[in-house]
Amino acid sequence: MSRRIGWIAGAAAAALVAAGAITYAVAEDGSSGTSTPSAGSADAGFARDMAVHHQQAVEMSYIVRDRTTNVEVRRLAYDIAQTQANQRGMLLGWLDLWDLPKVSADPPMTWMGMGDMASGKDGALMPGMATNADLKKLGTLSGKQAEIFYLQLMTDHHKGGIHMAEGCVTKCTVDVEKKLAQGMVDAQQSEIQLMADMLKERGAKPRS
């Protein structure tokens, strides 16, 4: 298991290097040959929504790092926090480059045609997001219980994130943003499998 987590960490590090190159490419080439995205575009919508989605993953990861001493879970949580914080910075940076607002009056997921979905229940604004009650509970658990609940929450979170990223791959027009979204899909699918294995080791399984 430690070797596999090491592979994930290495992949995450490579993704961060690639992310820096992607940010540079956007800064140099604007929107890769297309016109600057509009505020209502899939490109802008994905950047805004995924930035919010990623922020919660970072928050959950830092909570569990304080609730367990298990090296493998702490390493995974650190890798997720660092990768998603970096990607969040890129997404918000692109909105700045495009001179677009970081918030919208439209409901989350409008860019995917899902703006009319039930959202915002106890802080769960988008698919896969944990509720405020979930986060509060995570902060009260410790040891194996905290590890299991974190892995379950993050599995759901990744599934929702993959759904959104696949939407960008289909609907976004900025090539480098589409590539980042595909990279999110690939990396998070690998982490879902890793977390399934870690849950199994703890006599548990994903919630869904």
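What counts as what
- Residues numbered from 1 in each chain as written.
- Predicted model: local features only at pLDDT ≥ 70, side-chain atom pairs only at ≥ 80, totals over all residues.
- Heavy atoms only, no water.
- Helix = DSSP H or I, 4+ residues; strand = E, 2+ residues; numbered from the N terminus.
- Buried < 20%, exposed > 50% of the residue type's maximum accessible area, 1.4 Å probe, protein only.
- Contact = heavy atoms within 4.5 Å.
- Axes fitted to C-alpha atoms, helices over the stretch in contact; angles between N-to-C directions.
- Parallel < 35°, antiparallel > 145°, perpendicular 65-115°, else oblique.
- Left-handed = near helix turned anticlockwise from the far one by under 90°.
- Nonpolar A, V, L, I, M, F, W, Y, C, P; charged D, E, K, R; others polar.
- 1 Å grid on protein atoms, 1.4 Å probe; cavity = no way out; pocket = protein on both sides within 12 Å on 5 of 7 lines; lining within 4 Å.
- Points joined across faces, edges and corners; volume = space filled by probe spheres on them.
- Salt bridge = Lys/Arg side-chain N within 4 Å of Asp/Glu carboxyl O.

Regarding the environment of Met-154
Piece 1. Within the secondary structure, Met-154 sits in helix H5 (residues 143–171).
Piece 2. Given the relative accessible area of 0%, Met-154 is considered buried.
Piece 3. Once residues within four sequence positions are removed from consideration, Met-154 is found in contact with Ala-57, Met-60, Ser-61, Ile-80 and Met-195.

Some thoughts on the environment of Gln-87
Piece 1. Following the sequence through the fold, Gln-87 ends up in helix H3 (residues 71–97).
Piece 2. The buried category is assigned to Gln-87, whose relative accessible area is 8%.
Piece 3. In the structure, Gln-87 is positioned 94 residues away from Ala-181 in sequence and 10.0 Å away in space, judged by C-alpha atoms.
Piece 4. Each residue touching Gln-87, except ones within four places of it in the same chain, is listed here: His-54, Leu-180 and Met-184.

Regarding the packing of H5 against helix H6 (residues 175–201)
Piece 1. Two elements in contact, H5 and H6, have axes whose closest approach is 8 Å; the angle formed by their N-to-C orientations is 155°. Judged by the inter-axis angle, H5 sits roughly antiparallel to H6. For the crossing formed where H5 meets H6, the hand is left-handed.

Quick notes on the packing of helix H2 (residues 42–65) against H3
Piece 1. Contact pair H2 / H3: the axes reach a minimum separation of 8 Å and the direction vectors enclose 155°. Between H2 and H3, the angle falls in the class roughly antiparallel. In the crossing of H2 with H3, the sense of the turn from one axis to the other is left-handed.
Piece 2. Its residues placed into classes, the contact of H2 with H3 shows 18 nonpolar, 6 polar and 4 charged.

A few points about the layout of surface pockets
Any space left empty among the atoms is revealed by the rolling of a water-sized probe across them.
Piece 1. In this model, the second largest pocket occupies a volume close to 250 Å³.
Piece 2. Along its surface, the second largest pocket is lined by 18 residues, and Arg-48, Asp-49, Ser-104, Asp-106 and Pro-108 are the ones closest to its centre.
Piece 3. Taken together, the residues of the lining of the second largest pocket sort by class into 9 nonpolar, 5 polar and 4 charged.

Quick notes on the pattern of salt bridges
Piece 1. Under the definition given, this model contains 5 salt bridges.
Piece 2. Here Glu-201 ties to Arg-202 by a salt bridge, and the two come within 3.8 Å at their closest N and O atoms.
Piece 3. Each of the salt bridges in this network shares a partner with another, and the network as a whole consists of Asp-134, Asp-156 and Arg-207.

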